[in-house]
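# Survey of secondary and tertiary structure
Residues per chain are reported as follows:
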Amino acid sequence: MRQAGRSLPEYRKIRQGVGMLESCRRPDLVTEITLQPVRRHNVDAAIFFSDIVVPVAAAGIDLDIVAGTGPVVAEPVRTEVDLARLRAIEPGDVAFITEAVELLVAELGTTPLIGFAGAPFTLASYLIEGGPSRTYLKTKAMMYGAPDLWNALLARLAEITLTFLKVQVDAGVSAVQLFDSWAGALSEADYRRFVMPHSASVLRGLVDAGVPRIHFGVGTAVLLEAMGEAGADVVGVDWRTPLDVATKRIGPDRSVQGNLDPAILFAGWDTVEREARRVLQQGGSAPGHVFNLGHGVMPETDPDVLTRLTALVHEVSSR
Ligand code: CP3
């Protein structure tokens, strides 16, 4: 999950004096940072080091990723005129992504590389708010109050996201993950009406790509069914919904990913072990289960607990 690397001293060292966006644009750094957690923890797959706002920056939006805050957009996108600043992207606009994926696939050998992108809603929330938000007031004001502009913005973002994911698939990633991290702010009805068609157009565009599509969100208990229907092979579940309950909602045709609460990693090994075993047991009711945390790794996490957790999951799931 996001920021597995951030808990590692070797990550903090290599990032010293290098901005987040700059490090995403340097294939040598992307390769090294992606490999760090794989070497340390012996995980079954690598997650590509980048960020959801990388393609939006390539599309012409002036933004920065501020440490401790997240993406900050210089001039938020709130009108038709603003929307014109967000152009479509060509693969050549993100040539550094192609180069980094190719380098990584060569280094990783048989370990799969998971590519990713932000989903239209979550990207739109950063563009409209200008940065992270707790309430999504401006985002929702546009969604309800200016549906034509809203749909034009999300359609443009869907196009950018699809190009960004296709670039990664063409360069050799083994799976793709669409992060709609903040979709949990919506009701099911509004998700289906204002958001799902755009995410579905991204996922549909990858049907023939030949790689599994993972669709992830946080606080999405009421959206799980719709997020599966949007066209996912695997639905990401945060820690709030037990995986057996989630599976009943999602249906028998899709796998699940998740869902240990990242905070559990601070509670002592006995608790970590008990909760990880519970997650694995509940995940057993789905047709397939990718063990993961329910959201990103907190930077303060003890990396040794992650290594031990990975070994435990391997031990239990190989039986
Ligand atoms: O494990 C990884 O590092 C994989 C690469 C990855 C990053 N961002 C690197 C990153 C991935 C998959 C993401 C996705 C991402 N980025 C999402 C969706 C996934 C999720 O967790 O919900 C979102 C919402 C973002 C936007 C974003 N970028 C946030 C919220 C932050 C954290 C801000 C903070 O410091 O608290 C970022 C910055 C970011 N992206 C970091 C990393 C490693 C931290 C940069 C640093 O300070 O070192």
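Residues numbered from 1 in each chain as written. Predicted model: local features only at pLDDT ≥ 70, side-chain atom pairs only at ≥ 80, totals over all residues. Heavy atoms only, no water.

### What to know about the overall build of the protein chain
The condition that has to hold: By the criteria applied, helices consist of DSSP H or I runs no shorter than four residues and strands consist of E runs no shorter than two, each listed in order from the N terminus. Atoms counted for the radius of gyration: C-alpha only. Globule rule: 2.2 Å times the number of residues to the power 0.38. Residue burial is assigned from relative accessible area. The probe radius is 1.4 Å, only protein chains are included, and a residue is buried under 20% of its type maximum, exposed over 50%, and partly exposed in between. To measure how exposed things are, a 1.4 Å probe is used in the Shrake-Rupley method; for residues, cover is taken only from the protein chains shown. Charge assignment in this entry is limited to Lys and Arg as positive and Asp and Glu as negative, and neither His nor the chain termini are counted. Charge coordinates come from a single atom per side chain, which is NZ of Lys, CZ of Arg, CG of Asp or CD of Glu.
Secondary structure assignment for the protein chain yields 14 helices and nine strands. On C-alpha atoms alone, the protein chain measures out to a radius of gyration of 19 Å, which is about the 20 Å that the 2.2 N^0.38 rule sets for 319 residues. Taken along the three principal axes of its C-alpha coordinates, the protein chain extends 55 × 45 × 35 Å. When burial is assessed residue by residue, the protein chain has 55% of its 319 residues classed as buried. Here the protein chain has roughly 13500 Å² of accessible surface; of this, 52% comes from carbon and sulfur atoms. If you average the places of the 30 positive and of the 38 negative side-chain charges in the protein chain, the two averages end up 4 Å apart.

### A closer look at unusual backbone geometry
For the bond from Gly258 to Asn259, the omega torsion is -5°, close enough to zero to count as cis. Inspection of the secondary structure puts Asn259 in strand 8 (residues 255-260). Backbone geometry at Asn42 places phi at a positive 60°, although glycine is not the residue there. For Asn42, the location among the structural elements is in the loop between helix 3 (27-41) and strand 1 (46-47). On the basis of relative accessibility, which here comes to 53%, the residue Asn42 falls in the exposed class. In this model, Tyr136 sits at a positive phi of 55°, which is unusual for a non-glycine residue. Considering the arrangement of structural elements, one finds Tyr136 in the loop between helix 7 (120-129) and helix 8 (137-145). For Tyr136, a relative accessible area of 9% corresponds to the buried category.

### Concerning the packing of aromatic side chains
Filter applied, for reference: Only centres within 6.5 Å qualify two rings of Phe, Tyr or Trp (six-membered ring in Trp) as a pair; their planes then separate them into stacked at under 30 degrees, edge-to-face at over 60, and tilted for everything else.
Following the criterion strictly, the structure yields six aromatic pairs and no others. Consider the rings of Tyr144 and Phe194, whose centres lie 5.8 Å apart with planes at 85°: the pair is edge-to-face. Remark: Phe194 occurs in helix 10 (residues 188-204) and Tyr144 occurs in helix 8; sequence separation between them is 50 residues. Looking at Phe194, the relative accessible area reads 4%, which means it is buried. Taken together, a centroid distance of 5.7 Å and an interplanar angle of 80° make the contact between Phe179 and Phe216 edge-to-face.

### Considerations on the UniProt feature "site: Transition state stabilizer" (unreviewed entry) in the protein chain
Applied cut-off: UniProt positions are given in the numbering used here, feature names are shortened, and annotations may be inferred rather than shown by experiment. Note on contacts: a residue pair qualifies if any of its non-hydrogen atoms lie within 4.5 Å across the two residues.
On the UniProt side, "site: Transition state stabilizer" (unreviewed entry) is annotated at positions that read Asp51 here. Here Asp51 lies in the loop between strand 1 and helix 4 (54-58). Here Asp51 falls in the buried class, since its relative accessible area comes to 14%. When residues no more than four places from it in sequence are discounted, the contact partners of Asp51 are Met20, Cys24, Ile65, Pro71 and Phe116.

### Description of the packing of helix 3 against helix 6 (residues 95-108)
Threshold: Axes here mean lines fitted to C-alpha atoms, for a helix over just the part in contact, with angles spanning 0 to 180 degrees between N-to-C directions. Orientation labels follow simple angle bins: below 35 degrees gives roughly parallel, above 145 gives roughly antiparallel, 65 to 115 gives roughly perpendicular, and whatever is left gives oblique. Throughout, a crossing is termed right-handed when the near helix is turned clockwise from the far one, and left-handed when it is turned anticlockwise from it by less than a right angle. Classification convention: Asp, Glu, Lys, Arg as charged; Ala, Val, Leu, Ile, Met, Phe, Trp, Tyr, Cys, Pro as nonpolar; all other residues, Gly among them, as polar.
The geometry of helix 3 relative to helix 6 is characterised by a closest axis approach of 9 Å and an angle of 40° between their N-to-C directions. If you check the angle between helix 3 and helix 6, you find them oblique. Pair helix 3 / helix 6 crosses with right-handed handedness. Contacts from Pro27, Val30, Thr31, Thr34, Leu35 and Val38 of helix 3 reach helix 6 at Phe96, Glu99, Ala100, Leu103, Leu104, Glu107 and Leu108. When the residues that make up the contact of helix 3 with helix 6 are grouped by side-chain class, the tally is nine nonpolar, two polar and two charged.

### Overview of the side chain of Thr139
Counting through the fold element by element, Thr139 comes out in helix 8. Relative accessible area serves as the criterion here: at 0%, Thr139 is assigned to the buried category. The contacts of Thr139, once residues within four sequence positions are left out, are Phe121, Ser125, Ile128, Glu129 and Trp150.

### Topic: the side chain of Ser125
Tracing the backbone through its elements, the reader meets Ser125 in helix 7. In contact with Ser125, not counting residues within four places along its chain, are Gly130, Gly131, Tyr136, Thr139 and Trp182.

### A few points about the sheet that holds strand 6 (residues 213-216)
Test applied: The criterion for strand pairing is that DSSP finds at least two bridges linking the strands in question.
If you trace the seven strands from one edge of the open sheet to the other, you get 1-4-5-6-7-8-9, paired in parallel fashion. Whereas interior strands pair on both sides, the edge strands pair on one side only; in this sheet they are strand 1 and strand 9 (289-293). Sheet topology places strand 4 (residues 113-118) next to strand 5 (residues 175-179); five bridges connect them, and they run parallel. Bridge pairing links Gly115 to Val176 in strand 5. Helix 9 (residues 147-171) rests against strand 4 and strand 5 of the sheet, and its axis sits at about 170° to strand 4.

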